[in-house]
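# Close look at the chain arrangement
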Amino acid sequence: MESTNPDLPVPLSDGARQAVARICARIAGDLPATTQEIVRRIRAEIPDYALVPEEDHRQFVLDQGRMLLTGIAEQSPPRDEDIAHARELGRRRAQQGLSIELLLGAYHINYREVWNMILRQATADEPEHVGELTYLVALIWSWFRILMGNASDAYGEELRRAQVTRATLAHRLFAALTADPVQVDAAAPLAQALGYEPEGGFQALCLRAEDWPEDRTEQLRHRLAALPGELHCATVGTRLLVLGQRHDQDTVTAAVTAVAPPESGSAVGVGLARSGLAGAVDSITDAVQALSQAGGQCEVVRFADTWLAASLGEQAARLAPLFTQAMATARTDSHLAEAVVAFADHGLSVAAAARALHLHPNSLAYRLNRWHELTEFDPRTGDGLMASLIVLRLYRPA
C-alpha cells in the first residue's frame, strides 16, 4: 500500500497554518477526555465493537487522534510509524473477529469527530480562518485513505494467515481423533486452540473427499466460519470431516448442501451429538457409517435414522451367507420385499400396510406368508422381521 500523499491542493496561508497548529494543540490537550466520548460513539453506532476490549479500543482511538492531529498541525502525510500503527490495528481487529466493514466504520467515526472538534475550536477561537479549512478535508481524506488501505491490507494478511493456521490445526485434530489408536491427549490442546471445549458436546459430519476439491472445501470453510458455534472441517484420507460444537445441526447441513450442488452427487453422513473428545471420536464413526448408507444422490443420512444398517455395514460380507436366500428372493420377488417393509413401517398392521400398498389385506397377508416360505424369516416375529429388514436395508437388493 502507498505510504505518501498524492499532490494536495495549494496549502494554507502562513496565518492559517499557525491557527491550525494552535487549534490542534488545544484539541490534543483535551484528547484523553474526548477519546472517551469518541469510543462511546463508536460502540453505540457499531454494537459489534463489543468484541474489542474497551481499554484496547480506547488506546487505539487515542493514538489515532494524536497522530492525525500531528499530521494536520504539520500539514504532512502519514509517517512510517503511523502506517505501522494502522497495520497493527488491522491485524488486531482481524484476530478479534471484527469485520473489515466495521473497522472502516470506526475509522470514519473517529476522523469525523476529530474534524468536528477542529471546526468547533476554529469557530470559537479562530473564526477568521474557518473559510480556509476546506484544505484540511483533502488532507484528512488522504490520511484516511492511506491508513485504511494499510489497515485493510494487514487485516487481509492476518485473516489468510489465521485461516491457514486453523485449517492446519483442524487437520491435525481430525488426524488425532481418527488415528488407530485414537490420540486423545494430543487432540485436547488442538481442540482448545480451535475454540472447542474439550469436555463439551461434539457432532460430526462426513462427506466423500472425492466430491470436495480444494476450492469447494475453502468455500465450505467460509460458510462454516459465518455460522454460530465452533465449526471446522478438514480432509482425512478419503473423507472430508466437519466437527461442530454449540451449533445448529440443520443450519450446518444446509450450508454443506448449499456449497455442494445436487448434480455433484455429494452425500452427507451425520453422527450423533456426543460429549467430550471420546464422544467426538464416536460421532465421527457415526457419521462415517451413516455416509456408507447413502445412495448416489445428494442426500443427508443421519446415523440416528440408519443406525442398524450403518452399524452392521462393516460386517456385511461376514454376515452375507446368513441371508443368501433372502437376498435372492428380494431381487426376484420385489413385491414380497415391499410388503415386508410396509408391514414394518405401519405398526405391524396388515390392514394399514395393505392400505398403503393399495392391496386387499388378504393379498398383503399372502405376501408375508410367501416371504416366510421362501426365506425362512417370519416377518410376524421379532427375530424374523429384524432379519428381513437387515436384508432389505443392509444389502439394498436391486
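Note that the coordinates shown come from a computational prediction; the quantities given were computed from them, not determined experimentally. (Residues numbered from 1 in each chain as written. Predicted model: local features only at pLDDT ≥ 70, side-chain atom pairs only at ≥ 80, totals over all residues. Heavy atoms only, no water.)

Take the packing of aromatic side chains next. Evaluated as defined, the whole model comprises 6 aromatic pairs. Counting every residue linked through ring pairs, the aromatic cluster contains Tyr107, Tyr111, Trp141 and Phe144. For the cation-ring pair, Arg93 lies above Phe60, with the distance from its terminal atom to the ring centre recorded as 5.1 Å. Positioned above the aromatic ring of Trp212 is the side chain of Arg216, whose terminal nitrogen or guanidinium carbon lies 5.8 Å from the ring centre. (Phe/Tyr/Trp six-rings, centres within 6.5 Å; stacked < 30°, edge-to-face > 60°. Lys NZ or Arg CZ within 6 Å of the ring centre and 35° of its normal.)

With an omega of 5°, the peptide bond between Asp180 and Pro181 qualifies as cis. Structurally, Pro181 is set in the loop between α5 (134-177) and α6 (184-193). Its identity as a non-glycine residue notwithstanding, Arg246 has a phi of 60°, on the positive side. Note on Arg246: relative accessible area 46%, which makes it partly exposed. (Helix = DSSP H or I, 4+ residues; strand = E, 2+ residues; numbered from the N terminus. Buried < 20%, exposed > 50% of the residue type's maximum accessible area, 1.4 Å probe, protein only.)

Bringing the environment of Glu113 into the picture now. In this structure, Glu113 sits in helix α4 (residues 100-125). Placed 71 residues apart in sequence, Glu113 and Val184 show a C-alpha to C-alpha distance of 53 Å. Excluding its chain neighbours within four sequence positions, the residues that come into contact with Glu113 are Ile38 and Arg41. (Contact = heavy atoms within 4.5 Å.)

Here the focus is the nonpolar core. Here is a general trend for soluble globular proteins: nonpolar side chains tend to be buried in one another's company. Counting residues in hydrophobic clusters, the biggest one holds 47 residues, and the most contacted among them are Ile72, Tyr107 and Leu136. For this core, the elements supplying multiple residues, two or more each, are α1 (14-45), α2 (54-74), α3 (80-95), α4 and α5. Here the element with the most residues in this core is α5; it accounts for 11 residues. With residues up to four places along the chain from it excluded, the contact list for Tyr107 reads Gln64, Ala86, Leu89, Phe144, Leu147, Met148 and Ala151. (Core = buried A, V, L, I, M, F, W, Y, C linked by side-chain atoms within 4.5 Å.)

Our next topic: the pattern of salt bridges. This model, assessed by the stated rule, comprises 25 salt bridges. The closest approach of N and O atoms between Asp125 and Arg26, which form a salt bridge, is 3.5 Å. Pair noted here: Asp125 is in helix α4 and Arg26 is in helix α1, with a separation of 99 residues, a long-range link. Assessed through its relative accessible area of 33%, Arg26 is described here as partly exposed. (Salt bridge = Lys/Arg side-chain N within 4 Å of Asp/Glu carboxyl O.)

Turning our attention to the side chain of Thr217. In this fold, Thr217 is placed in helix α7 (residues 214-225). Beyond its immediate sequence surroundings of up to four residues, Thr217 is in contact with Trp212, Cys233 and Leu240.

Overall, the prediction assigns the protein chain a mean pLDDT of 89, with 94% of residues at 70 or greater. A low-confidence stretch, residues 1-8 (pLDDT under 50), is modelled with 24 contacts involving residues beyond four sequence positions or located in other chains. (pLDDT = per-residue confidence, 0-100.)

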